[in-house]
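Residues per chain are reported as follows:
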Amino acid sequence: MAKPRAATQPPMPMARMAMATMAGFTIPSGVAALDRLLGYYKGTGDQAEYTGVGGFPRGRYTVVWGPEAVGKSSLMARFMGKAQAAGDLVLLIDAENRADAAWMRKQGVNTENLLVHRGGIMEDGLQDLINLMEMVDFVVIDTVHALAPQAELYDGKKQARKMQDNAPMGRQAFALSKFFRVATSRVAASNTGIVLVGQARDSTVAQTVIKDLVGGNALRHYATFRIKITKIMDRQKVPRKKIAAPDGTVNEVPVGFLQKITLEKTAVNHLEGQSIYVPFLYGLGPDDFESNVMAAVAAGMVTKSGAWYEIPVSEGDPVRLQGRSNLVDFFREHRAHYEWIMNRLTSPVEGSED
């Protein structure tokens, strides 16, 4: 449930702060397989069991970053819809001034109950976030690198800079670092979750240009989770659909791409460095159906041996299928089996904390 609306809120007791990482203090991301990547486990290594507690945490920072047009904002919309469904009040800092209300509604967001702060001066936006922190449950900044530091807009005499004027270097990183130092204790005390969306920038490492998360070390240091999203356009892997041409020939055309979602940093489990693959369908957004099926394989609910998959059934012998596509098609056609794995994927293990 949403936090009580109060002008002030006492510091969170230590016992409650410890509980803030358990069930009731995370909100599903909107992709069940990603929730497992962000989740809490009993045991370690191959014996670890998912407790059913996974998603973006309250009272902590989550960083989601990657190149342009890989579905970062769509994933944020899915998440915001989930948070609203749980009764939470969400603040979106739309730094790029291009949030699409129709698209967000398609992803499940109640735009009538969404607080939106449009982009502007970076320091003003971050200060507004601090001022509103005790009144909201989650804040999404999309994207943090689109916020313009005041020093880029005005000189020391508060005169507007011209486009050809050079602004001081590193002001964005400086402002972010100061924000984290000032806001972190308030984030924990108010139990407000902060999700910062970052843009990949070209960076030179050993004379090689790579896509990197820039903006200072504070973004990396303070995040409980750091999640990188990239796009895969491999012909054999992207979602495709058969389309009949006027001459009667049938062609397969791409209807989306594959999101590779990598957990670069985690402070709660053993899955750092692991990735999931989520089909992204044009006009629809993330299709987590296939990623959920493969999460069931990773969890051992579906047995894999080479290219063969074995699915337990309630009666008779197990179903054996060859190939990933046949496995996914089976679950699309047998929704009862899919619901069974989803219930297993999202339910806490016996004896886990709720």
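None of these values were measured; they are calculated from a predicted model.

Engineer: So, the sheet that holds strand β19 (residues 319–322): which residues are in play, and what are the values?
Structural biologist: Taking strand neighbours across the sheet as the criterion, the three strands line up as β17-β18-β19 in an open arrangement whose pairing is antiparallel. Whereas interior strands pair on both sides, the edge strands pair on one side only; in this sheet they are β17 (303–305) and β19. Sheet twist, expressed as the mean angle between neighbouring strand axes with direction ignored, is 20°. The sheet contact formed by β17 and strand β18 (residues 308–311) spans three bridges and is antiparallel. Within β18, the position partnered with T303 by the bridge is E310.

Engineer: Can you break down the packing of aromatic side chains residue by residue, with the values?
Structural biologist: Each aromatic ring pair is summarised here by two numbers: the centre-to-centre distance and the angle between the ring planes. One pass over the full model with this rule turns up twelve aromatic pairs. A ring pair is formed by F79 and F138, whose centres lie 5.1 Å apart and whose planes are at 85°; its orientation type is edge-to-face. Residue F79 is found in helix α3 (residues 72–85), and its partner F138 is found in strand β8 (residues 138–142); the two are separated by 59 residues along the sequence. F138 matches F79 in its accessibility class, with the two residues each being buried. Each member of the aromatic cluster is reached from another via a ring pair, and the members are Y61, F179, F180 and Y222. Across from the ring centre of F257, 4.6 Å away, lies the NZ or CZ of K231, which sits over that ring.

Engineer: Tell me what's going on with the side chain of Q259, and back it up with residues and numbers.
Structural biologist: Along the chain, the position of Q259 falls in strand β14 (residues 256–266). At 2.8 Å, the side chain of Q259 forms a polar contact with the backbone oxygen of V70. Apart from the residues within four sequence positions on either side, Q259 is in contact with V70, G71, I229, T230, I276, Y277, V278, F280 and P286.

Engineer: Kindly report on the packing of helix α5 (residues 122–132) against helix α7 (residues 171–190), identifying the contributing residues and their values.
Structural biologist: The interhelical angle for the contact between α5 and α7, taken along N-to-C directions, is 5°, at an axis separation of 11 Å. Classed by the angle they form, the pair α5 and α7 counts as roughly parallel. On the side of α5, the interface is formed by M122, E123, L126, L129 and I130, while α7 contributes Q172, A175, L176, F179, V182, A183 and R186.

Engineer: Talk me through the pairing of strand β5 (residues 61–66); I want residue IDs and the actual numbers.
Structural biologist: On any regular strand, side chains alternate: one points to one face of the sheet, the next to the other face. When you tally the buried positions in β5, you get six out of six residues, the bulk of the element. By the alternation rule, side chains of β5 split into Y61, V63 and W65 and T62, V64 and G66, which are all buried. Pairing of β5 with strand β11 (residues 223–232) involves five bridges; the strand directions are parallel. Within the sheet, the bridge partner assigned to T62 lies in β11 and is F225.

Engineer: Which residues make up α7, and what values go with them?
Structural biologist: Between its first and last C-alpha, α7 extends 28 Å over 20 residues, near the 28 Å set by a 1.5 Å rise per residue. For α7, the complete set of buried residues consists of Q172, A175, L176, F179, F180, A183, V187 and S190. Phi turns positive one or two residues past the end of α7, at N191, with a value near 60°.

Engineer: Go over the nonpolar core with me, naming the residues and quoting the values.
Structural biologist: Ranked by internal contacts, the top residues of the largest apolar core, which has 55 residues, are M80, V293, L327 and F331. With 30 residues, the next largest nonpolar core counts I93, L129, A175 and A218 among its residues.

Engineer: Now, about the pattern of salt bridges: what can you tell me, with residues and values included?
Structural biologist: Evaluated as defined, the whole model comprises seven salt bridges. Between R226 and E264 there is a salt bridge whose closest N-O contact spans 3.0 Å. Here R226 is found in strand β11, whereas its partner E264 is found in strand β14, with 38 residues between them in sequence. Overall, R226 belongs to the buried group, its relative accessible area being 12%. A salt bridge links E310 to R320; its shortest N-O distance comes to 3.8 Å. Here E310, found in strand β18, pairs with R320, found in strand β19; they are ten residues apart in sequence, far enough to count as distant. E310 sits in the partly exposed class, given a relative accessible area of 32%.

Conventions used here
Residues numbered from 1 in each chain as written. Predicted model: local features only at pLDDT ≥ 70, side-chain atom pairs only at ≥ 80, totals over all residues. Heavy atoms only, no water. Pairing = 2+ DSSP bridges. Helix = DSSP H or I, 4+ residues; strand = E, 2+ residues; numbered from the N terminus. Axes fitted to C-alpha atoms, helices over the stretch in contact; angles between N-to-C directions. Phe/Tyr/Trp six-rings, centres within 6.5 Å; stacked < 30°, edge-to-face > 60°. Buried < 20%, exposed > 50% of the residue type's maximum accessible area, 1.4 Å probe, protein only. Lys NZ or Arg CZ within 6 Å of the ring centre and 35° of its normal. Polar contact = N/O pair within 3.5 Å; in protein donor to acceptor, adjacent residues only side chain to side chain. Contact = heavy atoms within 4.5 Å. Parallel < 35°, antiparallel > 145°, perpendicular 65-115°, else oblique. Expected span 1.5 Å × (residues − 1). Core = buried A, V, L, I, M, F, W, Y, C linked by side-chain atoms within 4.5 Å. Salt bridge = Lys/Arg side-chain N within 4 Å of Asp/Glu carboxyl O.

No statement about biological role is implied by the geometric values presented.
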